[in-house]
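Residues per chain, in single letters:
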Amino acid sequence: MKLIRFGNPGNEKPGILLNGQRKDLSHVFHDWDNTFFRNNGLEKLRSFLETGGTQLPDVEADARWASCVARPGKVLCIGLNYSDHAKESNMAIPAEPILFQKGANTVVGPYDPILIPRNSKKTDWEVELGVVMAKDARYLSTVKDAESYIAGYCISHDVSEREFQLERGGQWTKGKSCDNFNPLGPYLLTKDEIFNVHNLSMSLKVNGKRMQTGNTNAMIFDCHHLIHYLSQFMTLEAGDLINTGTPPGVGLGMDPQQFLREGDVVELSIDELGEQKQVCIPA
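Now for a quick tour of the structure. (Residues numbered from 1 in each chain as written. Predicted model: local features only at pLDDT ≥ 70, side-chain atom pairs only at ≥ 80, totals over all residues. Heavy atoms only, no water.)

Residue position: Thr-123 is located in strand S8 (residues 123–124). Take Thr-123: its relative accessible area is 0%, and that puts it in the buried class. A polar side-chain atom of Thr-123 sits 2.6 Å from a polar atom in the side chain of Ser-120. Each residue touching Thr-123, except ones within four places of it in the same chain, is listed here: Ile-116, Pro-117, Val-159, Ser-160, Glu-161, Phe-181, Phe-259 and Leu-260. (Helix = DSSP H or I, 4+ residues; strand = E, 2+ residues; numbered from the N terminus. Buried < 20%, exposed > 50% of the residue type's maximum accessible area, 1.4 Å probe, protein only. Polar contact = N/O pair within 3.5 Å; in protein donor to acceptor, adjacent residues only side chain to side chain. Contact = heavy atoms within 4.5 Å.)

Below is the structure:
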């Protein structure tokens, strides 16, 4: 299943993508949120569709694509999770996952603009695989257990302001939590639809030029490892988002460095998970 959301900010509604057409499910489900996932919502949705629930109203063609899930309780991010990205950042390959958080209000639609923060000089791009939790996970016993806790996967754009992140003291959060710094979607693909999530090609272009090329098979810590690991430190709740790291090709790692400016167009893609496109505008 491909879960989508649509509508203006603050008035988003749940839907599904069927044969390339967005369908409205707001008359059946409230939203793709914590309550939905925690109460076996995916099973209920699957049962609804299998028992004749495919005659659904179309979403208007010009309706905004919202983030594919409602605002998460937590946005957990893994830094330097691709060995080649760690190298280009001149940082050591981590022995354990590097964890930081983004403000949950950074999550926006896949075609919403990137807002260049005021006084920003180093706004950067990062294509990432996003993982959404299907149920609460706490102190999982084994890595293998983690798979059953996953709702699905999506494209997640972990936009970063590198000066705020690395040069202004403190932790990374303030360089990661500016408005619109996490476009998500266009859809959440349920885990049963992906044969091997750890072998997906991913790419990012700026103004038509390829900047990032990677594959999820280059992760240092795979999705299941990350969920098991994180569950030892905190409860991962249904609907939470995990950004699993980015491949090489970010602006910070270039020589000379390159960063986003007003008017730039960023395009992202991951195999099986669709595409995103954003235009950069001032905040």
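The rest of the description comes next.
The subject of this paragraph is the nonpolar core. Counting 51 residues, the largest nonpolar core has Tyr-153, Ile-227 and Leu-273 as its most contacted members. Residue assignment for this core shows that the elements contributing at least two residues are strand S1 (2–6), strand S4 (75–79), strand S7 (114–116), strand S9 (127–133), strand S10 (150–157), strand S14 (201–206), helix H5 (223–230) and strand S17 (265–270). At five residues, H5 tops the list of elements feeding residues into this core. Setting aside anything within four residues of it in sequence, one finds Tyr-153 in contact with Leu-129, Gly-130, Val-131, Tyr-187, Leu-188, Leu-189, Lys-191, Ile-194, Val-197, Cys-223, His-224 and Leu-273. (Core = buried A, V, L, I, M, F, W, Y, C linked by side-chain atoms within 4.5 Å.)

With respect to topology, nine strands assemble into an open sheet ordered S3-S2-S1-S13-S10-S9-S16-S4-S5, the strand pairing being mixed. At either end of the open sheet lies a strand with only one pairing partner, and these are strand S3 (21–24) and strand S5 (98–102). Within this sheet the neighbouring strands show an average axis-to-axis angle of 30 degrees, counted without direction. (Pairing = 2+ DSSP bridges. Axes fitted to C-alpha atoms, helices over the stretch in contact; angles between N-to-C directions.)

Inspection of the entire model under this criterion finds eight aromatic pairs. Ring plane angle 50 degrees and centroid distance 5.5 Å describe the contact between Phe-29 and Trp-32, whose orientation is recorded as tilted. For Trp-32, a relative accessible area of 0% translates into the label buried. Measuring from centroid to centroid gives 6.3 Å for Phe-29 and Phe-48, while their planes differ by 90 degrees, and the two rings are edge-to-face. Residue Phe-29 is located in the loop between S3 and helix H1 (34–38), and its partner Phe-48 is located in helix H2 (residues 41–50); the two are separated by 19 residues in the primary sequence. The exposure class of Phe-29 is buried, given its relative accessible area of 12%. Here Phe-48 falls in the partly exposed class, since its relative accessible area comes to 24%. These aromatic residues form a ring-pair network of at least three members: Phe-29, Trp-32, Phe-36, Phe-37 and Phe-48. The ring of Tyr-149 carries Lys-135 above its face, with NZ or CZ at 4.6 Å from the centroid. (Phe/Tyr/Trp six-rings, centres within 6.5 Å; stacked < 30°, edge-to-face > 60°. Lys NZ or Arg CZ within 6 Å of the ring centre and 35° of its normal.)

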